[in-house]
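# Report on the structure
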Amino acid sequence: MEKEILTLVTFFPLVGVVLLTILPRDRHDSIKGFALIISFVTFLFSTWLYYMFDPLGNGMQMEVNIPWITSLGISYHMGVDGISLLLIMLTTILTFLSILASWNSIKTGVKGYYISMLLLETGMIGVFCALDLFMFYVFWEVMLVPMYFIIGLWGGPRKIYAAIKFVLFTMFGSLLMLVGIIYILFEYQKYSGVFSFDMLKIIGELPLSYQAQLWLFGAFALAFAIKVPLFPFHTWLPDAHVQAPTAGSVILAGVLLKMGTYGFIRICLPLFPDATITYLPYICILSLIAIIYGALVAMVQRDVKSLVAFSSVSHMGFVMLGMFALNTQGIQGSIIQMINHGISTGGLFLLVGMLYERRHTRLIEDFGGIARVMPAYAAFFMIITLSSIGLPFTNGFVGEFLILLGAFHKNNVYGIIGATGVVFAACYMLWMYQRVFFGKVTNDENKKLLDLSWREKVILVPLVLLVFWIGVYPKPLFEILKPSVNLVVEQMERAEAVRLDDDYRVEEKLTTVEVGNNELSFDTEEQSDE
Amino acid sequence: MDFTLPQYDPFRMLPEIFMLLWALWVFTYDLITKRQKEAAVGYMALIGPAVPLLFIVFYLTGLLPESWRYGGSGFGAMFFNDTTAMFFKIVFLGAAIMAIGSSFGITKQKIVNHRGEFYGLLLFSTLGMMFLASSNELLTLYIGLELTTIPLFVLAAFFKDDKLSVEAGVKYFVIGAFSSALLLYGMSFLYGLSGTTGLVQMKMNMAVVFLSYRDIGVILLGGIVLLVAGVGFKLALPPFHQWAPDVYEGSPTPIAAFLSVGSKAAGLVAFGKIFVNGLMAFFGPEQAPNDWGMLVGLLAILAMVIGNVVAIRQTNIKRMLAYSSIAQAGYIMIGMVVLNEHGMASVAYYIFAYMFANMGAFAAVAIFEDQTGSCQIEDYKGLAKTSPVFAVSLSLFLLSLVGIPPLAGFLAKYKVFAAAISMATVDPSASWLYWLVGVGVLTAVFSLFYYANVMRLMFFSNEEPRHKITYSVPALCVLLLGLAGIVVFGIYAEPILKLVRTIPADFGLYIP
């Protein structure tokens, strides 16, 4: 069973897709029911995966490696380590919750919607499991299509613009990544004589020249940075988030953005360590800009949903900052923060969606005093808001604290600027909370609002539990993450050490000088020895 | 004088002989039934390509007994059945089957009196392609190309009362005749330089001439330019592409489909045989100005840019698909200029995947046109509500043309890019291939825009659709065949990849 569990988790939603295609279009209840059951069973499979996972084990677990297209060296190679395990768990939970959340809000094209959701789930889990670059790319692209339809069919007023923008941005990045993958394939073939897309083999064996690393890092990093989204590439995100239906936003913020950061940590860092160190300051600066810029723009939003969307830019900036601190605390924090962001931002989108279903507006100025009308709603909103800000004892604190710790280790300036982001986060979130929930009920329409139904509470309770669990007792997560994070950190430290020992530029200088003047080269050699 | 007759071996030509007889039989059958049979002629015509297709597939899978000596050369090495020939014959026959399958609508409504001629000419054109694929020297190649295009002139103008169709026919005729003349002129240059029409002998003679004089100069350059122009017209490569949108728009939709796949594949074979095989010595920058590689690379870039950019502005879906097929030809040419063990293999796989996707897309357009009489993209609005199967299958065909995994079109694009990168990583003088890949990637994003536009209208439009699609059995079969092709060969591509791997060897690109 250990061999098949990953295949089962990844492709079980496809069983649901087949099942739903057979069902007649007008039987909405059974379609919803089946989709819910399928996503719940997938979630159960993923918890089973969690229990079978050995936190002490090094490297990949539950590996499956079956040749797929042998003449191109493509194999069906799947496996999980701590990082991907947590992200898979996040995916299955959020998919289940967002299917539950779309129960009443999706009224047209029900069948297509749930088929898209399940298809999307397969694509997302596949990305996190794939250990073959080709498979990784296939899953990466596969989830574009259902997301295009989810935004474009069930989204808001400017949904088509948003959907096309989303797809064009992602496609552009991912095609560059494809070119990079092909290049790596041939480099590996030159090196070892066989065609193989095997990520582990390539990372372990392939020596890439510094120049090649710079280009390849660029190609991959662009694809991932668009997905994250890092500062100048973020413009698709507010459109897509605001226009997407609630569940679409939850999946988008909760999981799709993580695919970008996951790509960085799975491919960019270990495969191009030297280039990573060269690019590091630029990426750190871009993530700092993202943190501050996202927060400032979020502050002036009038629409709650776009406020949450811009807060995503800011939070993902934190994740990137932590990752590129390249030390244990930073990377651990950044992975924890990926999960946290999925929970808290996912939760915020769900909550905003619930309010939108009742009032059909999301503008902050239309609300006020909601806490009096919907006390339970206000309480849940408060908890998730605080987790998003990063209050101690909530999950956000653990992640942000570690990230800032890592950043300070790397460079004090990064840490200081990053820390201001937390303050800004408190500003825009609490200010929004105050305007929406406190004060008098100014708008008559708000007086008749119903509080949360039991279905909505069922959606929110698991998230709140996770908020406190990770906030109070994050040890299991750290244990799961430890081996994989250590591996990455070791690799990076080695690269950094090599870099310091014989800097490429010194080497270059030596050779050029040697050609020109023998005496001089002798001098420099002596100096470098000292 | 010692003269022996070349060895005739009719077994080599068995599928072609069958096609010829069957095409004549289809003519006759329509006449002896007094042109009264509606669908029977069509089903009769389907047998024409189906039997040779099965024959070739059986041969390749080893189901035919050894004594049926199908592979190898016959007729004094004028006719040659290597993997390339057989593989491209499969593509031609598949395209013919799908074109005939989607013609049932128009032969029921519009072409009432000339069904036999319609199908018969289609079979003749396919026959020409099959000869072309088996040709091993310039004259057979030219004759095959002529037999391919002359029936298509007639077919393009088959709606006699329709201005656009007649315009398409005349335009295609003039351009076709002109480009054939250019091609023939270019071939005469090659003959003058090498003293032979046999491709392999020509390659050797040219290499000797090249080694002794280094620079053959303006004669070869003139020959290359004429040949590129001649084949470029057939392939609709910019700047020789202007005829394609008009002809596609005017001619009957299944014929447009056949033009865009069958005729294009035939042009590719001709191009491969003349340039990749015959003029291999004149590839690479050090041979400038006799080099054809960069010239064709430039045309490929033009094709990808012009095709994909202009397609965005089209309102007629047939014109849009015409520009898309121009762009696709550009992608294929990337594989063509890669002279190593990956190049021609990627071309072959690309055209195979492209056949299913493009024939499928045109089949869907034909179904829609038969029922509504319209080819405007606007009219596809909201179609997903009334005809979800139609909308989903057309979307899948378009997605395969974009190259979204796991559909076959993705693997095709992947193989073409991979071929280019494989050469560029090994040979520093071929680093210009990176530019081709870069442009290919960039324009693929553009292409997504107009393909997605059709999907957007079908799925995202709030307007009530005016049409509901019903299917005839053959048309539905063509759709399903196309879908099966893009899905199955996207996920389980191993057998085809194994087959195409030996194709570059047929062009002398490497020794297996």
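First things first, this report covers the structure right here in the doc. (Residues numbered from 1 in each chain as written. Chains lettered and ligands numbered in written order. Predicted model: local features only at pLDDT ≥ 70, side-chain atom pairs only at ≥ 80, totals over all residues. Heavy atoms only, no water.)

Here we come to the overall build of chain A. The helix and strand inventory of chain A stands at 22 helices and two strands. Radius of gyration (C-alpha) of chain A: 24 Å, near the 24 Å computed for a compact globule of 530 residues. When the backbone C-alpha atoms are referred to their principal axes, chain A occupies close to 90 × 50 × 45 Å. Across the 530 residues of chain A, 63% fall into the buried class. When the 33 basic and 40 acidic side-chain charges of chain A are each reduced to a single mean position, those positions are 19 Å apart. (Helix = DSSP H or I, 4+ residues; strand = E, 2+ residues; numbered from the N terminus. Rg over C-alpha atoms; globule rule 2.2 N^0.38 Å. Buried < 20%, exposed > 50% of the residue type's maximum accessible area, 1.4 Å probe, protein only. Lys, Arg positive; Asp, Glu negative; His and termini not counted. Charge placed at Lys NZ, Arg CZ, Asp CG, Glu CD.)

Turning next to the side chain of His315(A). Residue and element names in this part refer to chain A. Tracing the sequence through the fold places His 315 in helix H13 (residues 304-323). Accessibility expressed as a relative area gives 2% for His 315, which makes it buried. Residues in contact with His 315, not counting those within four places in the same chain, are Gln 337, His 341, Thr 345, Ser 388, Glu 400 and Tyr 428. (Contact = heavy atoms within 4.5 Å.)

Here Ile56(B) lies in helix H2 (residues 39-61). Setting aside its immediate chain neighbours within four residues, Ile56(B) contacts Tyr70(B), Met86(B), Lys89(B), Ile90(B) and Leu93(B).

What follows covers the pairing of strand E2 (residues 74-80) of chain A. Counting buried positions along E2(A) yields seven of seven residues, so the element is predominantly enclosed. The side-chain alternation of E2(A) yields two buried faces, one formed by Ile74(A), Tyr76(A), Met78(A) and Val80(A) and the other by Ser75(A), His77(A) and Gly79(A).

It is worth spelling out the pattern of salt bridges at this point. A complete count under the given rule lists 17 salt bridges over all chains for this structure. Ionic pairing is found between Glu365(A) and Arg302(A), a salt bridge with its closest N-O pair at 3.0 Å. Highlighted residues: Glu365(A) in the loop between helix H14 (328-359) and helix H15 (370-373) and Arg302(A) in the loop between helix H12 (273-299) and H13, separated in sequence by 63 residues. For the pair formed by Glu365(A) and Arg302(A), the shared burial category is exposed. A salt bridge links Arg319(B) to Glu249(B), with the shortest nitrogen-to-oxygen separation between them at 2.7 Å. (Salt bridge = Lys/Arg side-chain N within 4 Å of Asp/Glu carboxyl O.)

Here the focus is the interface of chain A and chain B. Each partner contributes to the interface: chain A provides 35 residues, whereas chain B provides 37 residues. Linking chain A with chain B are zero salt bridges. The interface formed by chain A and chain B contains five residue pairs in polar contact (both at pLDDT 80 or more). Where the side of chain A that touches chain B is concerned, the elements lending two or more residues are strand E1 (61-69), helix H5 (133-142), helix H6 (144-154) and helix H7 (159-192) of chain A. For the side of chain A that touches chain B, the leading source of residues is H7(A), giving 17 residues. In terms of residue class, the side of chain A that touches chain B is made up of 27 nonpolar, three polar and five charged. (Polar contact = N/O pair within 3.5 Å; in protein donor to acceptor, adjacent residues only side chain to side chain. Nonpolar A, V, L, I, M, F, W, Y, C, P; charged D, E, K, R; others polar.)

Residue and element names in this part refer to chain B. Relative to the 40 Å expected for 28 residues at 1.5 Å per residue, helix H18 (residues 433-460) spans 39 Å between its end C-alpha atoms, a close match to the ideal helical length. Along H18, the helix axis deviates most sharply at Ala 452, where the bend reaches about 25°. The buried fraction of H18 amounts to 21 of the 28 residues, a majority that puts the element mostly inside the structure. (Expected span 1.5 Å × (residues − 1). Bend = angle between axes of the 7 residues up to and from the residue.)

The next point concerns the side chain of Ser387(A). Relative to the helices and strands, Ser387(A) is located in helix H16 (residues 375-389). If we ignore the near neighbours within four places in the chain, the residues touching Ser387(A) are Ser344(A), Thr394(A), Asn395(A), Gly396(A) and Val467(A).

Right, let's talk about H6(A) for a bit. Helical periodicity: at 3.6 residues per turn, an α-helix aligns residues three or four positions apart in one direction. With respect to burial, H6(A) is a largely interior element, 10 of its 11 residues being buried. Along H6(A), the residues that are buried comprise Leu144(A), Val145(A), Pro146(A), Met147(A), Tyr148(A), Phe149(A), Ile150(A), Ile151(A), Gly152(A) and Trp154(A).

All right, on to the packing of aromatic side chains then. Residue and element names in this part refer to chain B. Within this structure, the stated rule accounts for 71 aromatic pairs over all chains. Between Phe 118 and Tyr 119, the aromatic rings sit 5.4 Å apart at their centres with planes inclined by 80°, giving edge-to-face as the arrangement. When sorted by exposure, Phe 118 lands in the same class as Tyr 119, which is buried. Judged by centre distance (4.1 Å) and plane angle (25°), the rings of Phe 368 and Tyr 380 are stacked. (Phe/Tyr/Trp six-rings, centres within 6.5 Å; stacked < 30°, edge-to-face > 60°.)

Turning our attention to the packing of helix H5 (residues 115-134) of chain B against helix H6 (residues 138-156) of chain B. Residue and element names in this part refer to chain B. Relative to each other, H5 and H6 sit at 160°, their axes nearing to 7 Å. By the angle class used here, H5 and H6 are roughly antiparallel. Considering only the axes of H5 and H6, their crossing is left-handed. Packed against H5, whose contacting residues are Phe 118, Leu 121, Leu 122, Phe 124, Ser 125, Leu 127, Gly 128, Met 129, Phe 131 and Leu 132, the element H6 presents Leu 141, Gly 144, Leu 145, Leu 147, Thr 148, Pro 151, Leu 152, Val 154 and Leu 155 at the interface. (Axes fitted to C-alpha atoms, helices over the stretch in contact; angles between N-to-C directions. Parallel < 35°, antiparallel > 145°, perpendicular 65-115°, else oblique. Left-handed = near helix turned anticlockwise from the far one by under 90°.)

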